[in-house]
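Spelled out from the first residue to the last, the chains are:
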Amino acid sequence: MQPRDEILALLRKGKNLLAFSYGSDSSALFYFLVEEKIDFDLIMVNYKTRKNSDLEALKAKELALKFHKKLFMKIAPVFKGNFEKNARDFRYDFFNEICLEQGYNHLILAHHLNDQFEWFLMQLSRGAGLLEILGMQEYDKWQNYAIVRPLLWVSKDEILSYLKQKHIFYFHDESNEDERYFRNYIRKNFSNSFVSEFYQGLKRSLIYLDGERKKLYDLESIKEVQGLIICPKNESLIAKAVKMKGLLLSAAQRKELLKTDCVLGGKIGIVYKNEKAIVFKYEICKKLPKKFKESCRVAKIPKLLRSYLYNHKIDISTLNF
């Protein structure tokens with residue numbers, strides 16, 4: 001189990017936060033980072049949905065204490081409706097909050113090759129585009145930090161072998177066996193067996209595809225200025241920008257987003273100006289000063305964006321879009 005040296009070198013330079021669950025993947029990554037003498041702290045969500053949920057949280061606290069790590073932990077509420085989506089949104093909102101408040105440079109996730117192929121198949125089944133199908137990256141820039149996935153080219157079999165070889169304890173998540181969750185259905189019936197049989201070829205193919213993706217989509221064209229993410233008016237690049245703000249677009253949302261200025265999920269705004277898309281955290285200001293509104297009108301600032309600019313004291317004359 002050997003992540004790329006470039007990724008490890010990057011982590012040695014920054015302040016790191018590891019998303020931890022005490023499952024096999026995050027446990028393997030925990031001990032690997034310790035072996036590599038890479039500093040990091042831990043963040044964990046207790047969903048209280050399994051019989052071992054509280055025990056996992058307790059053991060995580062003991063592990064953090066033993067290795068002198070900070071541990072940020074939050075108990076999730078009872079979700080109604082789509083548990084997978086709600087749990088993911090809650091988790092990433094918490095991760096984002098701590099990274100920004102505590103000044104972490106990198107959020108480390110334990111996604112591996114099986115996860116990547118599983119995601120590939122899930123998106124393929126939904127009719128997604130190239131940027132979404134190849135949505136997992138080793139280094140993925142978000143707001144003021146980056147998501148780093150050191151194990152992205154490592155298979156699940158390699159992770160389990162590492163755990164066995166090192167005699168590392170971890171919890172088995174029995175919810176991973178429940179095929180009512182689409183991810184588990186794809187994993188158990190398609191992705192894991194394919195990765196086990198065709199690992200080397202699959203790894204090469206995904207690396208080639210990732211290279212082609214970088215050539216086709218100039219991700220450097222996505223810029224962040226004073227909390228605003230600005231990119232060309234391109235569906236896939238906009239979806240990427242929205243993801244950087246913590247929201248994963250549904251197929252229905254993607255279909256609608258290019259038509260007009262809008263607010264997604266009640267929290268992410270998208271407006272268009274001069275063939276550019278501006279993505280931002282949607283905010284409301286009940287009463288904008290008359291002088292400010294007039295300045296926005298003259299500068300042709302989209303209405304949905306005005307409250308954000310006013311609340312954050314952004315000088316309209318400094319904006320270039």
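Quantities reported herein were computed from a predicted structural model and do not represent experimental measurements.

S.K.: Just checking my understanding: could you explain the overall build of the protein for this structure?
M.R.: Broken down by element type, the protein carries 12 helices and 11 strands. Over its C-alpha trace the protein gives a radius of gyration of 21 Å, about what one expects of a compact globule, namely 20 Å for 321 residues. For the protein, the C-alpha atoms occupy an extent of roughly 65 × 40 × 40 Å along the three principal directions. Evaluated residue by residue, the protein yields a buried proportion of 50% over its 321 residues. Pairs at least 24 residues apart make up 64% of the contacts formed inside the protein by residues separated by at least 6 positions. Accessible area of the protein: about 17000 Å², with a carbon and sulfur share of 53%. Charged side chains in the protein number 55 positive and 40 negative. The centres of these two groups are separated by 7 Å.

S.K.: It is not clear to me how the pairing of strand β3 (residues 71-75) should be interpreted in this structure. Could you clarify?
M.R.: Regular strands place their side chains on alternate faces of the sheet. Where strand β2 (residues 41-46) meets β3, 5 bridges bridge the pair, whose relative direction is parallel. By the bridge assignment, I43 is partnered in β3 with F72. In the classification by handedness, the crossover that spans β2, the intervening helix α3 (residues 53-66) and the parallel β3 is right-handed.

S.K.: Which parts of the structure should I look at to understand the sheet that holds strand β10 (residues 268-273)?
M.R.: Two modes of strand pairing occur in sheets, parallel and antiparallel, and in both the strands are linked by backbone hydrogen bonds. Pairing within the open sheet is antiparallel, and its 5 strands lie in the order β7-β8-β11-β10-β9. At either end of the open sheet lies a strand with only one pairing partner, and these are β7 (223-225) and β9 (262-264). When strand polarity is set aside, the average angle formed by the axes of neighbouring strands in this sheet is 25°. The strands touched by helix α9 (residues 235-244) within the sheet are β8 (228-232), β9, β10 and β11 (276-281), with β8 carrying the most contacts at an inclination of about 165°. Across the sheet, helix α12 (residues 303-311) lies against β8, β9, β10 and β11, angled at about 50° from β11, the strand it touches most.

S.K.: I'm lost on the pattern of salt bridges in this one. Help?
M.R.: Overall, the coordinates contain 26 salt bridges when judged by the stated rule. Between R50 and D173 there is a salt bridge, and its shortest N-O distance comes to 3.2 Å. Residue R50 is located in the loop between β2 and α3, and its partner D173 is located in the loop between α7 (156-166) and α8 (182-216); the two are separated by 123 residues in the primary sequence. It is possible to trace a salt-bridge network through shared partners that takes in R4, E6 and E138.

S.K.: Looking at this structure, I do not really get the side chain of S307. What am I missing?
M.R.: Along the chain, the position of S307 falls in helix α12. A relative accessible area of 9% means that S307 is categorised as buried. With near-sequence residues (within four places) excluded, S307 lies in contact with E283, I284, C285 and L288.

S.K.: Would you take a moment to explain the sheet that holds strand β5 (residues 139-141) for this structure?
M.R.: Spatially, the 6 strands line up as an open sheet ordered β3-β2-β1-β4-β6-β5, and their pairing is mixed. Here the strands that pair on one side only, and so sit at the sheet edges, are β3 and β5. Sheet twist, expressed as the average angle between the axes of neighbouring strands with direction ignored, equals 25°. Two strands pair when backbone bridges link them, and strand β1 (residues 16-19) and strand β4 (residues 106-108) are joined in this way by 3 bridges, in the parallel orientation. Bridging across to β4, N16 finds its partner in H106. Across the sheet, helix α2 (residues 24-35) lies against β1, β2 and β4, angled at about 150° from β1, the strand it touches most.

S.K.: Help me understand the nonpolar core, please; the structure alone is not making it clear to me.
M.R.: What tends to happen in soluble globular proteins is that the nonpolar side chains get buried as a cluster. L11, L18, F20, L29, F30, L33 and L42 are the most contacted members of the largest nonpolar core, which has 28 residues in total. Mapped onto this core, the elements with two or more residues apiece are α1 (5-13), α2, β2, α3 and α7. When residues in this core are grouped by element, the largest group, 5 residues, is from α2. Once residues within four sequence positions are removed from consideration, L18 is found in contact with S26, L29, F30, L33, F40, D41, L42, I43 and I108.

Rules and cut-offs
- Residues numbered from 1 in each chain as written.
- Predicted model: local features only at pLDDT ≥ 70, side-chain atom pairs only at ≥ 80, totals over all residues.
- Heavy atoms only, no water.
- Helix = DSSP H or I, 4+ residues; strand = E, 2+ residues; numbered from the N terminus.
- Rg over C-alpha atoms; globule rule 2.2 N^0.38 Å.
- Buried < 20%, exposed > 50% of the residue type's maximum accessible area, 1.4 Å probe, protein only.
- Contact = heavy atoms within 4.5 Å.
- Areas by Shrake-Rupley, 256 points an atom, 1.4 Å probe, with all protein chains shown as cover.
- Lys, Arg positive; Asp, Glu negative; His and termini not counted.
- Charge placed at Lys NZ, Arg CZ, Asp CG, Glu CD.
- Pairing = 2+ DSSP bridges.
- Right-handed = clockwise from strand over helix to strand, strands pointing away.
- Axes fitted to C-alpha atoms, helices over the stretch in contact; angles between N-to-C directions.
- Salt bridge = Lys/Arg side-chain N within 4 Å of Asp/Glu carboxyl O.
- Core = buried A, V, L, I, M, F, W, Y, C linked by side-chain atoms within 4.5 Å.

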